[in-house]
Every structure is written in C-alpha cells, then in structure tokens.
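Residues per chain, in single letters:
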Amino acid sequence: MTDLIEPATGQVAAGGPERTIVDHVVVRFAGDSGDGIQITGSQFGLETALAGNDLTTFPDYPSEIRAPAGSLFGVSTFQIQFGSSAVHTAGDRLDCLVALNPAALKTNIADLKPGGTLILDSGSFKGKNLEKAGYEENPVDDGSLDNWRVLAVDISTLTKEVVASLADVDVSSKKDALRARNMWALGLVLWLYGREREATLSWIARKFAKNADVKAINSAAVDAGYEFGNTVELPDGLLPVAVPPAHLATGTYRQISGAEAIVYGMVAASFSAGLEPVYCSYPITPASTMLHALAKMGETAGIKTFQAEDEIAAACAAIGASYAGRLGITGTSGPGMALKTEALGLAVAAELPLVVVNVQRGGPSTGLPTKVEQSDLFQAVMGRNGDTPLAVLAARSPGDAYQVAVEAVRIATQFMTPVVILSDGYIANASEPWRIPALSELPDLAATAAKAPEPGSKQLPFSRDPETLARPWIPPGTPGGIHRLGGLERKDVTGEVSTDPSNHQRMTDLRKAKIARIADFVDEQTVTLGDTTGDVAVVGWGSSFGPITDAVACLRDKGHKVSHVHVRWISPLPRNLGTLLAGFRKVLVPEMNTGQLIQLMRAEYLVDALPVEKVAGKPFKVAEIVNAVRDVLDELNGTETAEIDCDTGEIAA
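Across all of its chains, the model carries 25 salt bridges by this definition. Of the charged contacts in the structure, one is a salt bridge between Arg181 and Asp35, with a shortest N-O distance of 3.3 Å. Here Arg181 is found in helix α6 (residues 181-192), whereas its partner Asp35 is found in the loop between β4 (24-32) and α1 (37-50), with 146 residues between them in sequence. Given a relative accessible area of 9%, Arg181 falls into the buried group. Take Asp35: its relative accessible area is 16%, and that puts it in the buried class. Salt-bridge contacts for Lys514 lead to Glu351; the nearest nitrogen and oxygen are separated by 2.8 Å. In this pair, Lys514 is assigned in helix α18 (residues 501-517) and Glu351 in the loop between α13 (341-350) and β15 (354-360), connecting sequence segments 163 residues apart. Lys514 gets classed as buried once you look at its relative accessible area, which sits at 3%. Sharing partners across several salt bridges, the network here consists of Arg28, Asp111 and Lys621.

Structure (structure tokens):
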C-alpha cells in the first residue's frame, strides 16, 4: 500500500518517518556503463509513475560500446525529474546524485545543488578507481564535498554481504555479487523518496524467471537497500522526501518513450488508413529501438519488418512496399539519413508515400552516436540533389511523438509524398506518462488517402487531385493501371519518360506546389504559452519544447511580456507563422545546432530573428534560455534586468 502523505505536517501516515514535502525533485543515477544505471533509472521511473507523479527522464549513454571500467568517458547516467505538477524537462540542477564510482562523481558533481543529497558507494572510492578519475585524494575524506549532504555507504560490501547470506544461491565470484549493487542503491533511493518497490520486485521476478539465483540476488538487494534507509541514521539535515501525486487528466496511463510513441503512432495510423505497415531499417543508434519494438509486435499484429544490409537498401525496400500498396516506413539517424538521400529523391520523383524517421544525434559523420543534437534540419528539408521538396515535421516530446507519427502517415498517404519525422536521441530515449488514446480518437485516414483509379476509368498515373495535387496511388495489379515508374522525369498526366524542358519545369513546379499546399491541410500555428503579441517570441522546434516552456512560464511569472511559439511543421512552414511573429518586437530561436530553423525563417519571412545555439550533446537547460531572453529584454528596454532564478523543486533544508 502506498504511504499516505499528510501535507500539513510533513509526516508519512501510519507512523512513517518525517519527510520534507516538495513539489519537484531531480535525481540522477551515475556509474559505469556496465553498472546497470539505465535499468536502475527506468525502474525508479516506473515506481514514480505508479506513485502518480508527472515525470520526465533523460537517459545519457557513453558513446563507446564498452568504455574501460572506471574511466571518465565511460560514465552512464539516468536523470529524472518528477513532481506534483506538470513536468516538462528532466531538470537543470540535481537535488540528489547517486554516484557508484569516483568517475561518476567527478563528471556529475557540478550539477548538484549546494546542499543537495549526494549518495556514494564508498566501497568503490579506492586505488585505481580514484586514479582513473583524476583524484589525488579521496573526496569522501578530504572535505571537498562539504557543500553537500553526503551519505557515503559501502554499497559494494553491503551488497556482497546480502548475497552471501542467501541460502542455496551459488555466486562464484565477488564480481558476480557486485552486479546487484545498482539494485541495492535503487532500494535506498526508493525509500528516500517515498516510492514503493513492489513493481520493481515483480519486474525482477519476470525478467529472471528462468534464473532463480539472479532473481533472488536482485530482489534481496532491493529489499536490503530499502530497509537500510528505514534503519540508518541519516546525516544532519538530510530528511526523506515526499512528493504528492500530480493532478493528471482522467484516463489510462503508461510510461512511454519517444521511440515507442512513434512506433505506436505509425501502426495505429496505418490500420486507420487500411494499410499494412512495412518497416525497413538498418541498425543504427539511437534509432534501432524502433526496429526492435516493431519486430517484437511481429506479423501476428499485421506488421512486417525487414532488416536491410545498408541504409539505401532499407529506404528502397520501403519505397517498394509503398509501390505495392502497403505503407513503407524507414528509420535511421544522422549519417544513415545521408545515405538514404538518393532513395528519397526516387520517392519524390515517383510520388509515392513514405514515412522516414530521423532520430537525430551529434554529428558530423558518426560524431556523437549517443548524444542529442538538432543538426539534421537542413538535411531533411534540402539534403538531396535537384529540387526535391518533401514534408518535414518534428516531435516535441515523447508523448507528442505519437500524434506526430499519425500526422505523418496522414500527409504521406493524402499527398503521395515522403514525410520526414525529426526526432532526436533525447525524445527517443526519454520517457513520460502518456494517456493511452482510444482508437476512436484516430482520424479516418482511409477517407483521406489517395486512391487508385476506378476500373475502366480514364484517369492517368500522373493526373492530380485538384485540391492536394496528389497523383493516384496505383499498386501493381490494378485493372487498367499499368504504368512505368522510376527516377527519370515523367511526363505530366501520362507518366511517360520525358526530357522535354517545358515539361520538367511544370513537373518541378507541381511537386513544389504540392508540398506548399500541405500548409492548407494542417493546423495554423498557435502560441504555445503566452500572448499573440509582446516583447519577445521564443520560437522552438523539437525537443527544446520543455526547456522553453519552463523558461517562458518563469519569465511571465516575473511580469515579462514573453511568449513561446513551438513549430511542428518545418516543411512547409505554417501558413500564418510570419503574421504571428510580426506581433513581437524580437524573435529568439533556441536550437541544438548552429542556427538552421532560424535561417529558413529569415529567408521566408525576412524576420530579424536572433539565435541561441547549443551543440554540447545535451539538451538545453531552462536557465540557458532564461538568460538569453533576459539579454534581449535588457537590449529592448535599455535596462539591466535583475538575475532571474527559475529553478523548480528545490528541497528545503
């Protein structure tokens, strides 16, 4: 049973310990990539979701497949912010850092608030581990951690003792026993923040159902860490914490990642359109999760997956599926997108529906495979030979990715065009509570999809719908629908190969006009937060949504005339965006690139927009955007605005 919190007294009901009650908390787990940090964070997130809190997570992996143990560049982290009100980001500064080795402490301590809680596995702070992290002295003993409330526990030894006490469990080495120390740490942190452990124990039972020893070890470690919290004398000023449940809209919820949301959206939309989805992909980080999820659903759910030998083969196979009357879908990340460009040109020339998911990561080339960036916007909009227009839209959060996928399928099938979904490593791997929609909430995509000509009609393969400019969708075997298709230029209406200059001009103009016309079939741009006029419009796209939302909310609370405009459609841009931006004195565009959307906006609207650029492999912090807006306000008003602290969820002493 969940502990009942009495907000007036800060006590846990039924004789529980005194707890500090807060609105938001930010926790980060950190350790070696082999320490099970992502599992630890995921299970903590699951228990937090079941406790009724809103949450956002940020898993951060090292780029190396298996970095040397104890190295600074081999640290893996999992951050979560959870609260009793809306949570849009994983948090700027940490309330609690759990560091399982010196390298994890060295690379993460700067993000911990003064007075924050620091939980260390003191058993790992010795010898070579300290040397690898660059410590000359042990930070546990030298006073360098006095700014924080330190709970230094020999988790390594305590975990080994727990394992040794288990009857009928054969552990051949100390190293094997230590594999459960992440579960010991999880148990302690679950207790510290008033989480339950039943869902974690159930997960362990299912995960290791075929290995009784591993199941027993991990379950015992969780229980031991939890009970340690119940009995230990905490450092002065460190109290366990309570975060009341959030008030979420009525419905059935699950925790969902952006990769899962895109998969579910594509599948649901395909069936709404009466189409069989065919997902063709080549493994690449961080897009492979989508292939795994779809393959797991399998053909029993009417889904076909195909792992190709390379990126262009995957794209061409997806085009072949669409040619055959299925819905071709392909997914990739940065460098894989570059390899697909020739095939995307073929899909544009053939005017076939195709959904392409680009889970962006740091570049150029193979760059930063596990780090986040928004640097593929130019590639998505313009990165092909010839004038090759297609549709591009971007997801703003894990939950939003579902609706973006549905929209992409609708546009691809209605306009007979490739549609690129821009996600990124943060959206794909992060998770949040998501209200599961009913299938009845889906639009009827079968009604909007392009149709094959009626048998016996005189409609030709490149004739066009007068409203959408889409050509008919004519799968092989359609009576009277035989036509030749390929990458060569087609003759208008008839579809014959043509090298006539005037025809090429007309076909180029038609393809461009078709994509521009999409703007008439999607929602107009709205203000996400704030008024339609004011001093500063902060324009974002993709995963900058959360930090911008919190930054603008804070600035508005301080009385500043700032608004947030978040753009979903990149190509074409929303039909009213230029008019909307004209209502503000200044436009600020934060992007995790060196300024790509801002260049499109300047070219389209001649707006004097200002960039906020970040390419550090990590998402924006709320404070970074607040400070950028404050600088613009100072310039507009000719004054120096006082420093604005927009930190949320700070734990009281």
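Summed over all chains, the structure comprises 4 cavities of 30 Å³ or more. In this structure, the second largest cavity encloses a volume near 50 Å³. When residues of the lining of the second largest cavity are traced back to their parent elements, those giving at least two are β5 (54-60) and α16 (425-429). Here the residues of the lining of the second largest cavity sort into 5 nonpolar, 4 polar and 2 charged.

Time to look at the sheet that holds strand β13 (residues 304-307). Here 7 strands make up an open sheet; going across it, the order is β13-β12-β14-β15-β17-β16-β21 and the pairing mixed. In the strand order of this sheet, the two ends are held by β13 and β21 (569-571), each with one partner. Put simply, the sheet's adjacent strands are angled 20° from each other on average, direction ignored. Here strand β12 (residues 277-281) runs beside strand β14 (residues 327-332); their pairing, made up of 5 bridges, is parallel. Each bridged residue has a counterpart across the sheet, and for Tyr279 the counterpart in β14 is Ile329.

What follows deals with the confidence of the model for the protein. For the protein, per-residue confidence averages 93 on the pLDDT scale, and 96% of positions sit at 70 or higher. A low-confidence stretch, residues 1-15 stays under pLDDT 50, and its non-local contacts, those more than four residues away or across chains, total 23 contacts. Per-residue pLDDT stays below 50 along residues 649-653; that stretch engages in 17 contacts with residues further than four places along the chain or on separate chains.

Analysis parameters
Residues numbered from 1 in each chain as written. Predicted model: local features only at pLDDT ≥ 70, side-chain atom pairs only at ≥ 80, totals over all residues. Heavy atoms only, no water. Salt bridge = Lys/Arg side-chain N within 4 Å of Asp/Glu carboxyl O. Helix = DSSP H or I, 4+ residues; strand = E, 2+ residues; numbered from the N terminus. Buried < 20%, exposed > 50% of the residue type's maximum accessible area, 1.4 Å probe, protein only. 1 Å grid on protein atoms, 1.4 Å probe; cavity = no way out; pocket = protein on both sides within 12 Å on 5 of 7 lines; lining within 4 Å. Points joined across faces, edges and corners; volume = space filled by probe spheres on them. Nonpolar A, V, L, I, M, F, W, Y, C, P; charged D, E, K, R; others polar. Pairing = 2+ DSSP bridges. Axes fitted to C-alpha atoms, helices over the stretch in contact; angles between N-to-C directions. pLDDT = per-residue confidence, 0-100. Contact = heavy atoms within 4.5 Å.

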